[in-house]
Amino acid sequence: MLDKPIIALDFPNKEAAIDFLSELNSQSLFVKVGMELFYQEGASFIHWLKSQGHYIFLDLKLHDIPNTVYSAMKVLASLGVDLVNVHAAGGSKMMKVALRGLEEGTPKGKKRPALIAVTQLTSTSEQQMQEEQLIKCNLNESVLHYAKLAYMSGLDGVVCSAHEAGMIAEITSESFLRVTPGIRMTGDSSDDQIRIVTPDQARQIGSTHIVIGRSITKANNPKLAYDQAINLWERRN
Ligand SMILES: O=C(O)c1cc(=O)[nH]c(=O)n1[C@@H]1O[C@H](COP(=O)(O)O)[C@@H](O)[C@H]1O
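Residues numbered from 1 in each chain as written. Predicted model: local features only at pLDDT ≥ 70, side-chain atom pairs only at ≥ 80, totals over all residues. Heavy atoms only, no water.

**Quick notes on the UniProt feature "domain: Orotidine 5'-phosphate decarboxylase" (unreviewed entry) in the protein**
Moving on, step 1. As recorded in UniProt, the feature "domain: Orotidine 5'-phosphate decarboxylase" (unreviewed entry) lies at residues 4-229.
Moving on, step 2. Its end C-alpha atoms 10 Å apart, residues 4-229 is made of 46% helix and 16% strand. (UniProt positions renumbered as here; feature names shortened; annotations may be inferred. Helix = DSSP H or I, 4+ residues; strand = E, 2+ residues; numbered from the N terminus.)

**As for the packing of aromatic side chains**
Moving on, step 1. Counted by the stated rule, this structure contains 4 aromatic pairs.
Moving on, step 2. On the numbers, 5.8 Å between centres and 50° between planes, the contact of Phe30 with Tyr55 is tilted. Remark: Tyr55 occurs in strand S3 (residues 55-62) and Phe30 occurs in strand S2 (residues 30-33); sequence separation between them is 25 residues.
Moving on, step 3. Taking relative accessible area as the criterion, Phe30 reaches 0% and is therefore assigned buried.
Moving on, step 4. By relative accessible area, which is 31% here, Tyr55 ends up partly exposed.
Moving on, step 5. When the ring of Tyr151 is compared with that of Phe176, the centres are 5.2 Å apart and the planes differ by 85°; the resulting orientation is edge-to-face. (Phe/Tyr/Trp six-rings, centres within 6.5 Å; stacked < 30°, edge-to-face > 60°. Buried < 20%, exposed > 50% of the residue type's maximum accessible area, 1.4 Å probe, protein only.)

**Looking at the nonpolar core**
Moving on, step 1. Ranked by size, the top nonpolar core spans 63 residues in total, and within it Leu9, Leu58, Met73, Val86 and Leu115 carry the most contacts.
Moving on, step 2. The contacts of Val86, once residues within four sequence positions are left out, are Lys61, Leu62, Val69, Met73, Met94, Met95, Ala98, Leu115, Ile116, Ala117, Val118 and Leu155.
Moving on, step 3. Formed by 12 residues, the second largest nonpolar core is a distinct cluster that contains Ile6, Phe30, Leu83 and Val211. (Core = buried A, V, L, I, M, F, W, Y, C linked by side-chain atoms within 4.5 Å. Contact = heavy atoms within 4.5 Å.)

**A short note on the site of the ligand**
Moving on, step 1. Taken together, 17 residues surround the ligand, and among them Asp10, Lys32, Thr122, Gln193 and Arg214 come closest.
Moving on, step 2. One of the side-chain N or O atoms of Asp10 is found 2.7 Å from an oxygen atom in the ligand.
Moving on, step 3. Take Arg214: an N or O atom from its side chain is 2.7 Å from an oxygen atom of the ligand.
Moving on, step 4. Looking at the shell around the ligand, the elements that each hand over two or more residues are S3 and strand S8 (209-212).
Moving on, step 5. Of all the elements, S3 adds the most residues to the shell around the ligand, at 3 residues.
Moving on, step 6. When grouped by side-chain class, the residues that make up the shell around the ligand number 7 nonpolar, 4 polar and 6 charged. (Near = heavy atom within 4 Å. Polar contact = N/O pair within 3.5 Å; in protein donor to acceptor, adjacent residues only side chain to side chain. Nonpolar A, V, L, I, M, F, W, Y, C, P; charged D, E, K, R; others polar.)

**Description of unusual backbone geometry**
Moving on, step 1. For Asn25, which is not a glycine, the phi torsion comes out positive at approximately 50°.
Moving on, step 2. Relative to the helices and strands, Asn25 is located in the loop between helix H1 (14-24) and S2.

What follows is the structure in structure tokens.
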């Protein structure tokens, strides 16, 4: 899969997203469309992004009973996106049928979207996980457990912080995707993220992909911020 930083298009509508994309003025970006933009604009915006030659991570984080997720994944597969996700907490049965839904919904001759599972959100602290989810182990163990479950369920990878990425490669395989949000450039505000790293740290520790939103979208010069992120990710700095 394309190895460029994934830009989170967390915008309220397509006009704002298109304005931002025209500032970047690049082809073949890897962009992420999340709940806000997809709920507002729906499938037509996905088709537009495809027509512009961009790779798409449709980040809807499905988490429901297996039958519902299976049926929803069949629909998402027909959109022609490259990457989709579920919550690993939905369980192995849910993850397996999510994959089956994608396989069945992918049009003949097209590539099935890759499927990854969110382990513990990068906005979750160990204390919060233990107190609110009543998970008694430490955060690393919980993430590794979910990663193993996703791997055994046949998924293509996980969403995790960079801190766990290296260990996940060890217990799964080097080719198992480790997609890492919570990326910040030095000096940027961490906002609501807890487990953050810079693009070069993520590469060093073992992420296969990074997701960056506000460090680029809210930068004074988004193009410069994006180029900086690429340089750090590709270790050219
Ligand atoms: O699945 C995701 O993309 C995701 C998982 C996770 O654990 N943490 C996380 O921040 N994300 C997404 O990654 C993006 C991060 O955005 P910034 O914090 O602005 O860089 C947001 O769109 C989140 O929805």
